[in-house]
Amino acid sequence: MFDAAVIGSGPNGLAAAITLARAGRSVVVHERSDSVGGSARSAELTLPGYLHDVCSAAHPMAAAGAFFNTLPLREHGLEWIRPEHPVGHALDPGERAIIQHHDLHATAQEVCDPGYVRALEPFVERYAELLQDGTAPLGIPDSPVLMARFGMRALLPSTTLAGLLFSSRRARALFAGHACHSCLPLSQPPSAAIGLMLHLAAHAVSFPMPRGGAGAITAAMASYLESLGGRIELNSEITHIGQVQARQVFFNTSPRALASIARDALPSGYLRALSRFKRGPGVFKVDYALSSPIPWTDARLSRCGTVHLGGDLEALSASEAAVWRGEHPERPFVLLTQPTQFDPGRAPEGGHIAWAYVHTPNGSTRDQSEVITAAIEAHAPGFRDCVRAQHCMNNADFEAYNPNYVGGDINGGANTLDQLFTRPVARFAPWTTPNPDVFLCSASTPPGGGVHGLGGHHAALAALAQPRRLTEG
């Protein structure tokens, strides 16, 4: 009998297991697949030797996160690569792109906005404090004045905040690209929260990538967990809580899976509340194996790890609103990464990889590959000729790959205001359930989606507040 079992080996599940193991608890992780990873896996999706990221590629919240920074993951093989420029933003075809430099002043010149530094510098300088308080459980923050200043901005719609902070079209467009990561209409609060946090992260810590791909993150976490005495069981699918031999169970799953697997251990009222959890849009993603780097018209984009396509604030706001209405916009927001510009070992000599995705209505299976390829081609004529092979994933493919992505929702639930701090249901500690031995630790708990491990870490801390129950026989 283990003290704790974790269902699912994504970053949050491994974070929960590590936190418990560091506290001296015996832990087993059950993973239904033949490898650990969840949202942080790498695979040869196109051609042999081309190592793609199945989901996320750039991870500012992991590299800067308060939890990850407590782990000796470098000793277990994790190395961060920081591209020359964190983010690039392509406006209309033929128009000079926007380069977000690490340096605030250089970016201010880039976006032609004299107020840019004044608007962001106080938060960039104290980004570590901001991230610590902004992703912590609800309570009194360590830096209350800083958080109050941030919160006044973060709870606004992105369109409103962009107009308040920035005077130039270019600065507003750059911010809008970050805000699109919220998967919300930019006219809806709290889309600015995610946009502002990511915009600041690009200056404070970059948009780093793990050498060798996203799978290096969870491989290092798994190695560290095993060094602590934790156990990982692969090809071990749990369909009913009765299969688990542990005193407490942590679900790195969707609320739907929690309700199904633990249906006999949770009260009916809580199960009904879980059924009301709202999902966000999905994504359609294309991975490319390339014969050469992307031939950007603005060559400076080649030095950016992450590139946003889709136009200015108004264009991006229109496209994200369309997705929220259940439509497929003709000119969508495109998120693109080009890892081999900075990690050439992920492709054969001379080869390159890139991936790009667009937001789609939840559950959509419409093929968006031509929309994505055309968007890149518009800013990089000749791109089509560089494509050796491509691999596509629609919403159904993402859910089949990872059941947590219900309908293709990679954020673990809609980032709406009513679900920002109370996901999946309103509880003082949302990682807990009415059963004191059952916890939810996935992206469907605060602080939400992203590779940061904090959902798992906070769930484990909630359990460790009841240490006696972990050792009852």
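1. What to know about the overall build of the chain
Across its full length, the chain holds 18 helices and 16 strands. Taken against the 2.2 N^0.38 rule, which gives 23 Å for 473 residues, the C-alpha radius of gyration of the chain at 21 Å falls within 12% of a compact globule. Over its C-alpha atoms, taken along the principal directions, the chain stretches across nearly 70 × 50 × 40 Å. Residue burial in the chain is summarised as follows: out of 473 residues, 61% are buried. Contacts spanning at least 24 positions in sequence make up 74% of the contacts within the chain whose residues lie at least 6 apart. A total of about 17,100 Å² of accessible surface is found on the chain, and carbon and sulfur atoms cover 53% of it. The positive charge centre, built from 36 side chains, and the negative charge centre, built from 41, are 6 Å apart in the chain.

2. A few points about empty space enclosed by the protein
Going through the model one piece at a time under the given rule, you end up with one cavity of 30 Å³ or more. Approximately 30 Å³ is the volume attributed to the largest cavity. Every residue along the wall of the largest cavity is listed here: Leu290, Ser292, Pro293, Ile294, Gln338, Thr340, Gln341, His352, Ile353 and Ala354. Among the elements that line the lining of the largest cavity, the one with the most residues is strand E14 (residues 352–360), at three residues. Residue classes in the lining of the largest cavity are distributed as five nonpolar, five polar and no charged.

3. Looking at the sheet that holds strand E6 (residues 85–90)
Sheet architecture is open: seven strands sit in the order E7-E6-E12-E13-E14-E11-E15, paired in mixed fashion. With one partner strand each, in any of the chains shown, strand E7 (98–100) and strand E15 (387–393) form the two edges of the open sheet. Across the sheet, the axes of successive neighbouring strands diverge by a mean angle of 20°, strand direction being ignored. In this structure, strand E11 (residues 282–290) lies alongside E15, joined through six bridges in antiparallel fashion. Along E15, the bridge assignment pairs Val286 with Cys392. Set on the sheet, helix H14 (residues 369–379) makes contact with E6, E11, strand E12 (304–309), strand E13 (334–337), E14 and E15; between it and E11 the angle comes to about 60°.

4. Details of the state of the cysteines
Under the definition given, this model contains zero disulfides. Counting only cysteine sulfurs, Cys392 is the nearest neighbor of Cys386, a cysteine outside any disulfide, at a range of 17 Å. Among the residues examined, Cys386 registers a relative accessible area of 8% and is labelled buried.

5. A word on the side chain of Ser317
Within the fold, Ser317 resides in helix H13 (residues 313–324). Contact partners of Ser317, with chain neighbours within four places excluded, come to Thr159, Leu186 and Ser187.

6. A closer look at the confidence of the model for the chain
In this model, the chain carries a mean pLDDT of 96, and residues with pLDDT of at least 70 account for 99%. Across residues 469–473 the pLDDT falls below 50, and counting only partners more than four positions away or on other chains, this stretch makes 17 contacts in the model.

7. Points about the pairing of E14
The side chains of a regular strand alternate between both faces of the sheet. Taking burial as the measure, the nine residues of E14 include nine buried ones, the bulk of the element. Pairing between E13 and E14: four bridges, direction antiparallel. Residue pairing for E14: Leu335 is matched across the bridge by Tyr357.

8. As for the environment of Ala356
Mapped onto the secondary structure, Ala356 falls in strand E14. Put simply, Ala356 and Cys392 are 36 residues apart on the chain and 9.9 Å apart in space, counted from C-alpha to C-alpha. In this view, Ala356 contacts Phe284, Lys285, Val286, Val334, Leu335, Leu336, Ile372 and Ile376; residues no more than four positions away in its chain are not counted.

9. Quick word on the sheet that holds strand E9 (residues 231–233)
Spatially, E9-E2-E1-E10-E16 is the arrangement adopted by the five strands of the open sheet, whose pairing is parallel. Edge positions in the sheet fall to E9 and strand E16 (438–440), since each of these pairs with one other strand and no more. Sheet twist, expressed as the average angle between the axes of neighbouring strands with direction ignored, equals 20°. Taken together, the four bridges between strand E1 (residues 2–7) and strand E2 (residues 27–30) define a ladder with parallel strand orientation. By the bridge assignment, Ala4 is partnered in E2 with Val27.

10. Side note on the nonpolar core
With 53 residues, the main nonpolar core has Tyr116, Leu120, Tyr127, Leu130, Phe150 and Leu200 as its most contacted residues. The contacts of Tyr127, once residues within four sequence positions are left out, are Met61, Ala64, Met197, Leu200, Ala201 and Ala204. Within the second largest apolar cluster, 38 residues are counted, among which are Leu78, Met221, Ala459 and Ala463.

11. Overview of the side chain of Thr19
Within the secondary structure layout, Thr19 lies in helix H1 (residues 11–22). On the basis of relative accessibility, which here comes to 8%, the residue Thr19 falls in the buried class.

12. So, the pattern of salt bridges
Summed over the entire model, instances satisfying the criterion amount to 21 salt bridges. A salt bridge links Arg169 to Asp92; the shortest N-O distance between them is 3.6 Å. Of this pair, Arg169 sits in helix H8 (residues 169–179) while Asp92 sits in the loop between E6 and E7, and the two are 77 residues apart along the sequence. Accessibility expressed as a relative area gives 29% for Asp92, which makes it partly exposed. For the salt bridge of Asp287 with Lys285, the shortest nitrogen-to-oxygen distance reads 2.3 Å. Given the relative accessible area of 0%, Asp287 is considered buried. Among the ionic contacts, a cluster of salt bridges with common partners joins Asp92, Glu95, Arg169, Asp312 and Arg331.

13. Considerations on the packing of aromatic side chains
Tallied over the full model, the rule gives eight aromatic pairs. With centroids separated by 5.4 Å and ring planes inclined at 10°, the aromatic side chains of Trp355 and Tyr357 adopt a geometry described as stacked. Exposure class is identical for Trp355 and Tyr357. Each is buried. Through a chain of ring-to-ring contacts, the aromatic side chains of Tyr116, Phe166 and Phe175 assemble into a single cluster.

The rules behind these values
Residues numbered from 1 in each chain as written. Predicted model: local features only at pLDDT ≥ 70, side-chain atom pairs only at ≥ 80, totals over all residues. Heavy atoms only, no water. Helix = DSSP H or I, 4+ residues; strand = E, 2+ residues; numbered from the N terminus. Rg over C-alpha atoms; globule rule 2.2 N^0.38 Å. Buried < 20%, exposed > 50% of the residue type's maximum accessible area, 1.4 Å probe, protein only. Contact = heavy atoms within 4.5 Å. Areas by Shrake-Rupley, 256 points an atom, 1.4 Å probe, with all protein chains shown as cover. Lys, Arg positive; Asp, Glu negative; His and termini not counted. Charge placed at Lys NZ, Arg CZ, Asp CG, Glu CD. 1 Å grid on protein atoms, 1.4 Å probe; cavity = no way out; pocket = protein on both sides within 12 Å on 5 of 7 lines; lining within 4 Å. Points joined across faces, edges and corners; volume = space filled by probe spheres on them. Nonpolar A, V, L, I, M, F, W, Y, C, P; charged D, E, K, R; others polar. Pairing = 2+ DSSP bridges. Axes fitted to C-alpha atoms, helices over the stretch in contact; angles between N-to-C directions. Disulfide = S-S within 2.5 Å. pLDDT = per-residue confidence, 0-100. Core = buried A, V, L, I, M, F, W, Y, C linked by side-chain atoms within 4.5 Å. Salt bridge = Lys/Arg side-chain N within 4 Å of Asp/Glu carboxyl O. Phe/Tyr/Trp six-rings, centres within 6.5 Å; stacked < 30°, edge-to-face > 60°.

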